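Breakdown of the fold
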Amino acid sequence: MHTAAAQASAAFREPGQGELFRMVVSMLLQRLLLGMAGVCLLGLVLFGMARLLIALSDQKDGYGMPVLAYHAVSDDTWGDASMFISPPAFERQMRTLHAKGYTSVTFSDLAAALPSRPAGKTVMITFDDGYDSVRTVACPILRKYGFRAVLFLPTGSLSGKPSALVEHAAEMAECIEFQSHTLTHPDLTQLDDAALRKELDQSATVMREWTNQPALAVSYPYGRTNDRVQTAASKSYAYGVMTRPGLYRTSTDPLRMPRLTQTPVIGRLLFALYIR
């Protein structure tokens, strides 16, 4: 009797293998959730600190204008998927800008406002390369919210058989200002001086003749630039844009304009951080 009771008591005290497994899993999940909560809390704290630093910079250096960088607006991706933003995501961003009271500006607006900056809460929306989705998808959304954007186009694409976007360029004037993305989209930092000047100067000439407007700005292909490239660019352009994140301020070198490239993950975080 006593032996049977002792065995029953031991069985009651000692969990079976199934219960032990559940206990271990439960403990691991609790630690995981606590760890995730800690990471989320840390992320929120860092995000808040970054927003505070940006606000303090605004007070010190004046309003910082976000310059957004896009490529294609499409659900169908090919090649580098980071070059694409879905139409719903793009519209959400434009709706957010509109709701927060932003007005879009182009390089013509910047030049017209010199030596100061356009007044109010401004944003610049830019596209690189000349994907046709800028015409078919982005422009209707831009028109819906009253925005204009800048399209940096490699001017070598204007010769030979024109793309659908180039053929319909006149229809896009309401929502797009065209600027240069060089002649053939090379890495400018790897060119010798003669080839560098050709890429920059000839592209500016072609863009000026094609649009009957000044060629004010160049987007450095792949975001790659250096002092030599910027010195050469200054002969033909007033502005040059990069892919380094940040805000464009009155103290910014206009040939080193930072942009917030809208990649699927980091780009969305930058949008949330800088669009206030």
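Notes on the structure in this doc start here. (Residues numbered from 1 in each chain as written. Predicted model: local features only at pLDDT ≥ 70, side-chain atom pairs only at ≥ 80, totals over all residues. Heavy atoms only, no water.)

**Considering the state of the cysteines**
Applying the stated criterion across every chain, the model contains one disulfide. Bridging Cys-139 to Cys-175, the disulfide has an S-S length of 2.2 Å. One disulfide, between Cys-139 and Cys-175, carries an S-S torsion of 70° and so falls in the right-handed class. Of this pair, Cys-139 sits in helix α5 (residues 133-144) while Cys-175 sits in the loop between α6 (164-167) and β7 (176-180), placing them 36 residues apart in sequence. With respect to burial, Cys-139 and Cys-175 carry one shared label: buried. (Disulfide = S-S within 2.5 Å. Helix = DSSP H or I, 4+ residues; strand = E, 2+ residues; numbered from the N terminus. Buried < 20%, exposed > 50% of the residue type's maximum accessible area, 1.4 Å probe, protein only.)

**Let's talk about a nonpolar patch on the surface**
A cluster of nonpolar side chains, namely Val-265, Ile-266 and Leu-269, defines an oily patch on the protein surface of about 300 Å² accessible area. By the secondary structure assignment, Val-265 is in the loop between β10 (260-261) and α9 (266-274). The exposure class assigned to Val-265 is exposed, which follows from its relative accessible area of 57%. (Patch = residues over 30% accessible without salt bridge, like charges linked within 9 Å, V, L, I, M, F, W, Y side chains within 5 Å. Areas by Shrake-Rupley, 256 points an atom, 1.4 Å probe, with all protein chains shown as cover. Salt bridge = Lys/Arg side-chain N within 4 Å of Asp/Glu carboxyl O.)

**What about the layout of surface pockets?**
When its volume is computed, the largest pocket comes out at roughly 260 Å³. Around the largest pocket, the lining comprises 15 residues; the ones closest to its centre are Ile-176, Glu-177, Phe-178, Thr-211 and Gln-213. Those elements giving two or more residues to the lining of the largest pocket turn out to be β7 and α7 (193-211). Per-element tally for the lining of the largest pocket: the top contributor is β7, with four residues. (1 Å grid on protein atoms, 1.4 Å probe; cavity = no way out; pocket = protein on both sides within 12 Å on 5 of 7 lines; lining within 4 Å. Points joined across faces, edges and corners; volume = space filled by probe spheres on them.)

**Quick look at the pairing of strand β6 (residues 149-153)**
Side-chain positions along a regular strand alternate between the two faces of the sheet. Within β6, five of the five residues are buried, which leaves it mostly tucked inside the rest of the structure. Here β6 shows no split at all, with Ala-149, Leu-151 and Leu-153 on one side and Val-150 and Phe-152 on the other all buried. Direction of pairing for strand β5 (residues 122-128) relative to β6: parallel, over a ladder of three bridges. Paired with Phe-127 across the strands is Leu-151, a residue of β6. Remark: the β5/α5/β6 crossover connection has right-handed handedness. (Pairing = 2+ DSSP bridges. Right-handed = clockwise from strand over helix to strand, strands pointing away.)

**What about the packing of aromatic side chains?**
Scanning the model with the defined rule gives nine aromatic pairs in all. When the centroid spacing of 4.7 Å and the interplanar angle of 70° are considered together, the rings of Trp-78 and Phe-84 count as edge-to-face. When the ring of Phe-107 is compared with that of Tyr-239, the centres are 5.2 Å apart and the planes differ by 45°; the resulting orientation is tilted. One end of the pair, Phe-107, is in helix α4 (residues 107-113); the other, Tyr-239, is in strand β9 (residues 239-241), and 132 residues separate them in sequence. Assigned by exposure class, Phe-107 and Tyr-239 land together as buried. One aromatic cluster in this structure is built from Tyr-70, Phe-90 and Phe-127. (Phe/Tyr/Trp six-rings, centres within 6.5 Å; stacked < 30°, edge-to-face > 60°.)

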